[in-house]
Amino acid sequence: MTQPKKLIEVAMPIKEISSESVRDKSIRHGHISTLHLWWARRPLPVCRAVVFASLVPDPTDENCPQAFRDAVGSLLKEHNGMDAYKPYDNIPYTAVVDPMEDNLRNRLLMFIGKFSETYIQKGESTAAKDKLSNASLIKWDNKNDEEIIGKARKLIWVAHNAKNGAKAVDLLTDFDKHYKAIKDAEKDLYMTIDRHIESDDVRAKEAKLADAIESFLDKMPRVFDPFAGGGAIPLEASRLGCRSFGNDINPVAHIIQKGSLEFPQKYGKPIVYSREEFVKRYGEDELKRVSAENSLYAGGDKVKIDNRLSFDVEFYARELLRRAEAEIGHFYPADDKGKKPIAYYWARVGTCSNPSCRAEVPLLKGFYLVNKSDKQVYLKPIIDGNKIDFTIGKGKSDAEGWIKSRQLVCPCCGAATGTNELKRQSINDEYKMKMLAVIDESNKGKVYRTPETKDKEIINQIPKSETISEEIVKGDSRNLWLTLWGIDTWGKMFAPRQLLAMQTLVQKLNEIKQEINVESDYGKAIVTYLGIFINRIASRETSFGLFNTIAETIEHPFGRQAIPMVFDFPEPSPFSDSGGGGLSQIDWIKRYIEVECISPFSTLLQNASSGEKEQFSAKSITAVVTDPPYYDAIAYADLSDFFYVWLKRTLSDIYPINFATPQTPKTEECTALKHHHNGDFGKAKQHFENKLLQIFDAIEHQTSDVVSIMFAHQSTEAWTTLCNSILGARLNITGSWAIDTERSSAGVKAKQAFLSSSVTVSCKPANRSGFGDYKQVKLAIEKKVEEEVAELYGLGFRGADLLTACFGKAVGEFGKYERVEKASGDEVTVAELLEMTRESAFNALLKGFKGDDFTKFYIGWLELYGFTESDFDDAAKFSRVGLSINVADLFTHDIFIKNGNKQSLADAVHRNEKIKRLGESADASLIDQVHKAMSLYKGANRRDLLAYIGKVAAQPDSTFWRVLTSLDELLPKGIDDQKQVSGLLENKDNLIRESGQSRETTEQQGLFS
Ligand SMILES: C[S@@+](CC[C@H](N)C(=O)[O-])C[C@H]1O[C@@H](n2cnc3c(N)ncnc32)[C@H](O)[C@@H]1O
């Protein structure tokens, strides 16, 4: 029987998913990203939507089982007494005004995500949390909603089991029976007094629960993520009740996954202790604490703990801190009133290269400790000869930093010390460290003071700790540029007292392990979280941490996917209860466990390189949903060694195989990093493609249905590799969706190859037939691309996001054939295909735009690339697309800024700086005129502006205004160019009117030429 298409192959509510995905980036409490840092986590809404849509059929497909249609009809009728999934009467914020047809497919889309009435009425001013309706599956607030998640599980269940004419009502009854068996077994087990003590009764109840879960999962799809990373995709597959599998090659990722996808769901459950047992385990003090929290009942005889796992993790983490503090707490001396600091502020100190000065200068880029509207605190330098000291100032600081344009400008003599000399001093270990300030907590927030003598003297008494001698990978100056400064071992990222604190915590954990039954899986779970806890402390307790001067918080060094060189840093006291200290780290872990403990379904995890065909038997996986590494964008293994070296010291006895290697495994990692291949980028690319091909090949063998792949890289090269691997593994692309995931449009301005959206392509085994004629295939692709551009453009997608979404469509068309040939008989390659797709997208975007070629080019380029950097070749290719301009002219007209063999689009400021009389020649292009007007507007030069408008844009329908409108749409909100463009547009009527008057006056005065 022909299989119906899956929903993901035909439709997705991408605007709704984008909206909630953007919100997801700012969610903190209990969110998976807050348990332990991992790079480039996918937002949960997109993962939940993609998993769901990969598992359910399109109800309007003629081959869709009737049972599924009936289930959609009955389950997506109402929620809380409302017709919550009724498709929109008027599709929000699109040009489409027709009502969205009320059919089953659209109801399914509205179930995944639907904009709320508030949003429909108020638009973007709606608070992020209110944009989606309360009945939407992907809404953060619904992650544990039994009814909404239950509907999704039921729909998946019916879709998966609707064979041989089975009826929806019978399938749903069967679901209820299986689900109830789990709930009953849970209740039975979790209410058993003292279930932590092994007994036949407890074992039988545990087995009953395990059986109930197994027999439920036996009837649900099997979903696999071969690149599970921080775990967002398998978490959502489990939440939806699937049998979920996740692989990752990286042991750090594996530990994070155990803490996120396995232990909370297995062990984060209630427990009831007899009073006696409780006291035996935790002591009288703990009994007092819990009785204050009303955990005692049955006349004080029983203690009920809502979440056994989070309770134990907190108990042992506090114990760990207590023991460490008893040993080294005196190295963080209290002030005269007995108050202990929460943090210290330090700087590395370089030496001025002027031989007659040689001042020891703290390498500061600025002096603010706090810089917010209602509070400003700064370090106030006191300079005496070549001696530098500081007091604390309040209010505005006028001083400029001493590190400027990558050199040190000595505040004592004014001499400049260049980067090379600063690096030399760092490499030769000549830097000293200077404590500049001490941070205390008061009831009015943080207060800053100069260090007292005892704060400074204690540093000389810090005993030397064993260092961490494992080396930081060299040759990756993009991600790990601190190695260029001689920071070449992980131990060098810690100041002496920080290293002491870290090593003491490790030692105390190893002591505590003796008191926990680490032979049991539950004991392992507790210790795993203690390892995660120590890692969280390490990421703040490093001399590469950062102090956020606006939020007054201590942050880890991995704000980007890199570890930059840092000269000044905060050192939190691990024993303080303020943010950055140990206790707050416990809180983050507890919150995650408590949020993700509701579901009974956990993920089966493997710490291995994917691509082993034997891992699953043929076609035994229902769907793969995954997010492979983005080519060369993130050096996962190299960066995560920062954490690996600590986990090796805390958990290698518990997980000996995972931590057998000195550092994370690198050779099998599926990335295109040239420093892993002796600097040869060609080899790195080939490695990535081979590895991806091997993994997709295994997946094709293992999977019976859809393979959904998320990818967030914009370069054609990265896409060529991805598509080669998909096609090489005998898969073809059947659907392609761009989903916005970033908070702001910063990505458009930032010169990086990451997309602000990720594109998800759904693939199925290819059904290839015969040879395709390039001409025919090209026509078909052009048509598809034109449709795609029109649709996505209407939905607000721009730039590379829009382009890469077209890639998916084009490859789908191409992959229908065994081979596509040109008239010469030569085979068309994927690289050629994607290049042709770019051209088609560019043409589709420029369709109907009337103007000179430079302006067309500027607008088209802005749409596709924004201000990101791209390869020189791209410009050459583009200038050929239906335009008659020479690529060299783009540089002479300063349309582009050249940077080596790359270029990026120049903005108005740059162009006006470079071309003195921009827009003034008789044959000036429209973009020159617009940029000129923007500069006059910015300079508040109204008289000249009016004269200029009178000359080039005196009519409301002048093409000049249309170009401005296009720019207004395309430019990232908030950047300078966009402000001027929108300012000009807002004043359009006045400007035209006044320019007319001013022309008349000047004509009368005979001044205007
Ligand atoms: C883009 S990340 C996945 C992020 C994940 N979706 C999340 O939300 O956190 C890609 C992951 O692939 C892993 N990886 C790289 N090569 C691998 C291989 N050969 N086998 C398995 N995993 C691999 C990396 O360690 C990384 O965690």
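Rules of the game
Note that residues are indexed from 1 along each chain, following the sequence as it is written. Since the coordinates come from a predicted model, pLDDT governs what is reported: local features require at least 70, and pairs of side-chain atoms require 80 or more to be given and counted, while whole-chain, interface and lining totals use all residues. The side-chain values count all of the structure's non-hydrogen atoms but skip hydrogen atoms and water molecules. Helix numbers and strand numbers start at the N terminus; a helix is a DSSP run of H or I with at least 4 residues, a strand a run of E with at least 2. For the radius of gyration, the atom set is restricted to C-alpha positions; the globular benchmark scales as 2.2 Å times the number of residues to the power 0.38. Burial classification: accessible surface area is computed with a 1.4 Å probe over protein chains only, and a residue below 20% of its type maximum counts as buried, one above 50% as exposed, and the rest as partly exposed. Residues adjacent in sequence count toward polar contacts only when both atoms are side-chain atoms; beyond that, a polar contact is any pair of N or O atoms within 3.5 Å, and within protein one must be able to donate a hydrogen and the other to accept it. We call two residues in contact whenever any of their non-hydrogen atoms come within 4.5 Å of each other. Only the contacting stretch of a helix is used when fitting its axis, a line to C-alpha atoms as for every element, and angles between N-to-C directions run 0 to 180 degrees. Crossings are classed by handedness, with left-handed meaning an anticlockwise turn of the near helix from the far one by less than a right angle and right-handed meaning a clockwise turn. Polar here means any residue outside two lists: the nonpolar Ala, Val, Leu, Ile, Met, Phe, Trp, Tyr, Cys and Pro, and the charged Asp, Glu, Lys and Arg; Gly therefore counts as polar. Relative orientations are named as follows: roughly parallel for angles under 35 degrees, roughly antiparallel for angles over 145 degrees, roughly perpendicular for angles from 65 to 115 degrees, and oblique for any other angle. Residues are counted as near a molecule or strand when any one of their heavy atoms sits within 4 Å of it. Only strands that DSSP links by at least two bridges are regarded as paired with each other. Confidence of the predictor at the level of single residues is captured by pLDDT, which takes values from 0 to 100. We define a salt bridge as a contact between a side-chain nitrogen of Lys or Arg and a carboxyl oxygen of Asp or Glu at a distance within 4 Å. When the sulfur atoms of two cysteines come within 2.5 Å, that pair is taken as a disulfide. Classification of ring pairs uses Phe, Tyr and Trp, with its six-membered ring standing for Trp, and accepts pairs whose centres are within 6.5 Å; under 30 degrees between planes counts as stacked, over 60 as edge-to-face, and the remaining range as tilted. Over a ring means this: the NZ of a Lys or the CZ of an Arg is within 6 Å of the ring centre and within 35 degrees of the ring normal.

### Quick notes on the overall build of the chain
Alright, step 1. Within the chain, the secondary structure is distributed over 35 helices and 28 strands.
Alright, step 2. The C-alpha radius of gyration computed for the chain amounts to 31 Å, which stays within 12% of the reference 30 Å derived for 1009 residues, consistent with globular compactness.
Alright, step 3. Across its three principal directions, the C-alpha atoms of the chain cover 100 × 90 × 55 Å.
Alright, step 4. Here the chain, with 1009 residues, has 58% of them falling under the buried criterion.

### Notes on the side chain of histidine 556
Alright, step 1. If you trace the backbone, histidine 556 turns up in the loop between strand E17 (553-555) and strand E18 (568-572).
Alright, step 2. There is a polar contact of 3.0 Å between the side chain of histidine 556 and the backbone nitrogen of phenylalanine 558.
Alright, step 3. Ignoring sequence-local partners within four residues, the contact set of histidine 556 consists of Leu37, Ser539, Arg540 and Leu546.

### Quick look at the packing of helix H21 (residues 681-702) against helix H22 (residues 716-728)
Alright, step 1. In the contact formed by H21 and H22, the axes pass within 8 Å of each other and the chain directions differ by 35°. Regarding H21 and H22, the two cross each other, and that crossing is right-handed. Residues Phe681, Lys685, Phe688, Glu689, Leu692, Leu693 and Phe696 of H21 touch H22, and the partners they reach there are Glu717, Thr721, Leu722, Asn724, Ser725, Ile726 and Gly728.
Alright, step 2. Taken together, the residues that form the contact of H21 with H22 break down as seven nonpolar, four polar and three charged.

### Some remarks on the packing of helix H33 (residues 959-970) against helix H34 (residues 976-986)
Alright, step 1. Two elements in contact, H33 and H34, have axes whose closest approach is 9 Å; the angle formed by their N-to-C orientations is 135°. Relative to H34, the element H33 lies oblique. When you trace H33 past H34, the crossing you get is left-handed. Where H33 approaches H34, its residues Trp961, Leu964, Thr965, Leu967 and Asp968 are matched on the opposing element by Gln978, Val981, Ser982, Leu984 and Leu985.
Alright, step 2. Taken together, the residues that form the contact of H33 with H34 break down as six nonpolar, three polar and one charged.

### What about the site of the ligand?
Alright, step 1. Residues in close proximity to the ligand total 26 residues, the closest being Arg42, Gly230, Asp248, Asp627 and Cys670.
Alright, step 2. Between the ligand and the protein, one listed contact pairs a nitrogen atom with a backbone N or O atom of serine 610 at 2.9 Å.
Alright, step 3. Across the shell around the ligand, the residue classes break down as 14 nonpolar, six polar and six charged.

### Quick word on the pairing of strand E5 (residues 302-305)
Alright, step 1. Alternating positions in E5 separate cleanly, Val303 and Ile305 being buried on one face and Lys302 and Lys304 remaining unburied on the opposite face.
Alright, step 2. As judged from the four bridges shared by strand E3 (residues 271-274) and E5, these two strands associate in the antiparallel manner. Across the sheet, valine 272 pairs through a bridge with lysine 304, a residue of E5.
Alright, step 3. Bridge count for strand E4 (residues 296-297) against E5 is two bridges, and the pairing is antiparallel. Opposite leucine 296, over in E5, you have valine 303 as the bridge partner.

### Description of the confidence of the model for the chain
Alright, step 1. Residue-level pLDDT values for the chain average 90, and 94% of them are 70 or greater.
Alright, step 2. This model gives residues 743-755 a pLDDT under 50, and the stretch forms 37 contacts once residues within four places in sequence are excluded.

### With respect to unusual backbone geometry
Alright, step 1. For asparagine 80, which is not glycine, the phi torsion reads 50° and is therefore positive.
Alright, step 2. Its place among the elements puts asparagine 80 in the loop between helix H4 (66-75) and helix H5 (104-112).
Alright, step 3. Non-glycine residue asparagine 678 carries a positive phi angle of around 50°.
Alright, step 4. Residue position: asparagine 678 is located in the loop between helix H20 (636-651) and H21.

### Regarding the environment of valine 981
Alright, step 1. Note that valine 981 resides in helix H34.
Alright, step 2. Residues valine 981 and serine 966, 15 residues apart in the sequence, show an inter-C-alpha distance of 9.7 Å.
Alright, step 3. Beyond its immediate sequence surroundings of up to four residues, valine 981 is in contact with Met934, Leu964, Leu967, Asp968 and Leu971.

### Looking at the pattern of salt bridges
Alright, step 1. Using the criterion set out here, one finds 80 salt bridges in the structure.
Alright, step 2. A salt bridge links glutamate 327 to lysine 508; its shortest N-O distance comes to 2.6 Å. Here glutamate 327 is found in helix H14 (residues 308-328), whereas its partner lysine 508 is found in helix H17 (residues 496-513), with 181 residues between them in sequence.
Alright, step 3. Each of Glu319, Arg322, Arg323, Glu327, Lys508, Glu511 and Glu515 takes part in one network of salt bridges that share partners.

### Let's talk about the sheet that holds E3
Two strands in a sheet stick together by hydrogen bonds in their backbones, pointing the same way (parallel) or opposite ways (antiparallel).
Alright, step 1. If you trace the three strands from one edge of the open sheet to the other, you get E3-E5-E4, paired in antiparallel fashion. At either margin of the open sheet sits one strand with a lone partner, and together these are E3 and E4.

### Examining the sheet that holds strand E9 (residues 375-384)
Alright, step 1. Taken together, the three strands give an open sheet; going across it, the order is E8-E9-E10, and neighbouring strands pair in antiparallel fashion. Here the strands that pair on one side only, and so sit at the sheet edges, are strand E8 (368-372) and strand E10 (387-394). Here the average twist between neighbouring strands, direction ignored, is 30°.
Alright, step 2. With four bridges joining them, E8 and E9 adopt antiparallel strand pairing. By the bridge assignment for E9, tyrosine 368 is matched with tyrosine 378.

### Structural notes on the state of the cysteines
Alright, step 1. Evaluated as defined, the whole model comprises zero disulfides.
Alright, step 2. Left without a disulfide partner, cysteine 242 is nearest to the cysteine sulfur of cysteine 47, which lies 13 Å away.
Alright, step 3. Not part of a disulfide, cysteine 410 finds its nearest cysteine sulfur in cysteine 357, a span of 3.7 Å.
Alright, step 4. Using a relative accessible area of 3% as the deciding quantity, one classes cysteine 410 as buried.

### Considerations on the pairing of strand E19 (residues 603-606)
Alright, step 1. Residue alternation in E19 divides its side chains into a buried set, Thr603 and Leu605, and an unburied set, Leu604 and Gln606.
Alright, step 2. Where strand E2 (residues 243-247) meets E19, four bridges bridge the pair, whose relative direction is parallel. Residue asparagine 247 lies in a different strand from E19, and its bridge partner there is glutamine 606.

### Details of the environment of serine 21
Alright, step 1. By the element assignment, serine 21 lies in helix H2 (residues 14-24).
Alright, step 2. Remark: the alpha-carbon pair of serine 21 and glycine 81, spanning 60 residues in sequence, is separated by 27 Å.
Alright, step 3. What serine 21 contacts, discounting residues up to four positions off in sequence, is Pro43, Pro45, Val46, Ile739, Asp740 and Thr741.

### Quick look at the packing of aromatic side chains
Alright, step 1. Per the counting criterion, the structure on display carries 51 aromatic pairs.
Alright, step 2. Centroid distance tyrosine 332 to tyrosine 344: 6.5 Å. Interplanar angle 40°. Geometry classified as tilted. Highlighted residues: tyrosine 332 in the loop between H14 and strand E6 (343-351) and tyrosine 344 in strand E6, separated in sequence by twelve residues.
Alright, step 3. With a relative accessible area of 1%, tyrosine 332 lands in the buried category.
Alright, step 4. The buried category is assigned to tyrosine 344, whose relative accessible area is 0%.
Alright, step 5. Three or more aromatic residues joined by ring pairs make a cluster, and in this case those are Trp38, Trp39, Trp490, Phe494, Phe558, Tyr636, Phe642, Phe643 and Trp646.
Alright, step 6. Across the ring face of tyrosine 522, the terminal group of arginine 308 is positioned such that the distance to the ring centre comes to 3.9 Å.
Alright, step 7. The ring of tyrosine 344 has arginine 497 sitting right over it, with the charged end atom 4.1 Å from the ring centre.

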